[in-house]
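Structural overview
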Amino acid sequence: LCEAEAVAPESQAGEIDAAIGRGEAWLLKRLGQLRRATPDALYNVWGHAYSIQALVRLHERASADSPRRAQLIELARGQLEMLQRYAFIAGGWSYYDFGAGTQRPSDSPMSFCTATVLIAIHEAQEQLGVEFPQREIDKAIASLHRQQKPDFTYAYGEYLRMVPMHLVNRPGGSLGRSQVCNLALRLFGDERVTDDVIKAWLNRLFARNGWLSIGRKRPVPHESHFYVAGYFYYYGHFYAAMCIEQLPDDRRPYFQEHLANILLPLQEKDGSWWDFPFYNYHQQYGTAMAVCSLVRCL
């Protein structure tokens, strides 16, 4: 909503403002309670990362309210501390620990989860001026490099990096991961992720979109070709939209038009977008990621 607010019709301004206010109040009340559910389930990592990005946007929006801005920065610091606590021993992050179930997770970090967290950390550092231990950032980047193949395909997780030709590690299986991993590395100064690399993977996403789309709305994770799971669909396009922003202004329209032409026809009759029947929040995250992607196509 924060991202769509600037381009929404004036007639919707009051409704959007009220909705953002309700969301902000919910975050301020609940976010500090977000924790690891069980020794093997670390879904909270996603919440810490995406809440930081939300707090960055709320902070920007509260430009005339210094006390509220200070409160939002402190909340972001708390979320960064949680990410530091749940950083994996090998470097990076994941949402499962099927290993020893230790206080500091000891299983395999996942490429895309690590990249998601790194992007949130980068936004917090750049926009809020908060710090995160460089040692943990360096370890996370090293984990991504270990999972990176020469064509900028990325392994699903470190546990699969020694089987590079596993179907999920091939280009068709990496269509929803390469965008976020490339973006994370580029934001942290990896000069190998050039404009040509960004454009190549945008073109792959568009040309081979069918491989990603076949998995959309399938109820079983990873049952589709290349072991693609449905919940990678809008996730992959969301980070593709952020990758487009890395390109020079005159190179963006071609990719923006392609992305919009993919996403607009997929809107449901009720106005939502969704790609996987995920508990009870699939419409919310799917719609949010689709809208954030489309805003970047304007």
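Everything below is about the structure shown above.
Residues numbered from 1 in each chain as written. Predicted model: local features only at pLDDT ≥ 70, side-chain atom pairs only at ≥ 80, totals over all residues. Heavy atoms only, no water.

**Considerations on the overall build of the protein chain**
Counting secondary structure elements, the protein chain contains 12 helices and 0 strands. In sequence order, the protein chain lays out its α and β elements as α-α-α-α-α-α-α-α-α-α-α-α. For the protein chain, the C-alpha radius of gyration of 19 Å lies close to 19 Å, the compact-globule estimate for 298 residues. Its C-alpha atoms give the protein chain principal-axis dimensions of about 50 × 45 × 40 Å. (Helix = DSSP H or I, 4+ residues; strand = E, 2+ residues; numbered from the N terminus. Rg over C-alpha atoms; globule rule 2.2 N^0.38 Å.)

**Regarding the nonpolar core**
W93, Y156 and L202 are the most contacted members of the largest nonpolar core, which totals 88 residues. Those residues within four positions of L202 in sequence are excluded, and the remaining contacts are Q179, A240, C243, I244, L247 and F255. (Core = buried A, V, L, I, M, F, W, Y, C linked by side-chain atoms within 4.5 Å. Buried < 20%, exposed > 50% of the residue type's maximum accessible area, 1.4 Å probe, protein only. Contact = heavy atoms within 4.5 Å.)

**Topic: a nonpolar patch on the surface**
Taken together, the side chains of Y43, Y279 and Y281 make up a nonpolar region of the molecular surface, amounting to roughly 340 Å² of accessible area. Among the structural elements, Y279 can be located in the loop between α11 (252–263) and α12 (282–295). (Patch = residues over 30% accessible without salt bridge, like charges linked within 9 Å, V, L, I, M, F, W, Y side chains within 5 Å. Areas by Shrake-Rupley, 256 points an atom, 1.4 Å probe, with all protein chains shown as cover. Salt bridge = Lys/Arg side-chain N within 4 Å of Asp/Glu carboxyl O.)

**Let's talk about the packing of aromatic side chains**
When we look at a pair of aromatic rings, we describe it by the centre distance and by the angle of the planes. For the structure on display, the rule yields 27 aromatic pairs. Aromatic side chains F278 and Y285 sit 6.3 Å apart centroid to centroid with 75° between the ring planes, which places their arrangement in the edge-to-face category. Look at F278 and you get partly exposed, because its relative accessible area is 22%. The cationic tip of R216 hangs over the ring face of Y233; the distance from NZ or CZ to the ring centre is 5.6 Å. (Phe/Tyr/Trp six-rings, centres within 6.5 Å; stacked < 30°, edge-to-face > 60°. Lys NZ or Arg CZ within 6 Å of the ring centre and 35° of its normal.)

**A look at helix α2 (residues 13–30)**
When the terminal C-alpha atoms of α2 are compared, their 26 Å separation across 18 residues agrees well with the 26 Å that a helix rising 1.5 Å per residue should span. Here α2 has its buried residues at I16, I20, E24 and L27. The buried side chains of α2 occupy one side of the element, clustering within an arc of 70° when seen end-on. Away from its buried face, by an angle of more than 90 degrees, α2 presents the exposed residues G14, E15, R22, W26 and K29. The inward-facing, buried residues of α2 contact α1 (2–5), α3 (44–61) and α4 (66–85). (Expected span 1.5 Å × (residues − 1). Arc of directions from axis to C-beta.)

**Side note on the packing of helix α7 (residues 178–187) against helix α8 (residues 195–207)**
The contact between α7 and α8 brings their axes to 10 Å, and the two run at 165°. Comparing the axis directions of α7 and α8 gives the class roughly antiparallel. In this structure, the crossing between α7 and α8 has a hand that is left-handed. Across the interface between the two elements, S178, Q179, N182 and R186 from α7 touch D195, V197, I198, W201, L202 and L205 from α8. Considering only residue class, the contact of α7 with α8 consists of 5 nonpolar, 3 polar and 2 charged. (Axes fitted to C-alpha atoms, helices over the stretch in contact; angles between N-to-C directions. Parallel < 35°, antiparallel > 145°, perpendicular 65-115°, else oblique. Left-handed = near helix turned anticlockwise from the far one by under 90°. Nonpolar A, V, L, I, M, F, W, Y, C, P; charged D, E, K, R; others polar.)

**Some points on α3**
Along its 18 residues, α3 runs 25 Å from first to last C-alpha, staying within 8% of the 26 Å computed at 1.5 Å per residue. For α3, the complete set of buried residues consists of N44, V45, H48, A49, S51, I52, Q53, L55, V56, R57, L58 and H59. Buried-residue contacts for α3 involve α1, α2, α4, α5 (111–128) and α10 (233–244).

**As for the packing of α10 against α11**
Packing of α10 against α11 brings their axes to within 10 Å, and their N-to-C directions diverge by 160°. Considering the angle they form, α10 stands roughly antiparallel to α11. Relative to α11, the crossing made by α10 is left-handed. Side by side, α10 and α11 meet where Y233, Y234, H237, A241 and I244 of the first sit next to R252, F255, Q256, L259, I262 and L263 of the second.

**A look at the side chain of S178**
When you line up the elements, S178 lands in helix α7. When its relative accessible area of 0% is taken as the criterion, S178 is described as buried. Discounting chain neighbours no more than four positions away, the residues touching S178 are F152, T153, Y154 and W201.

**Some remarks on the pattern of salt bridges**
This structure, assessed with the given rule, holds 19 salt bridges. A salt bridge links R57 to E3; the nearest nitrogen and oxygen atoms lie 2.6 Å apart. With R57 in helix α3 and E3 in helix α1, the pair connects residues that are 54 residues apart, well separated along the chain. Assessed through its relative accessible area of 18%, R57 is described here as buried. Salt bridges sharing partners connect three or more residues here, namely E3, R57, E123, E245 and R296.

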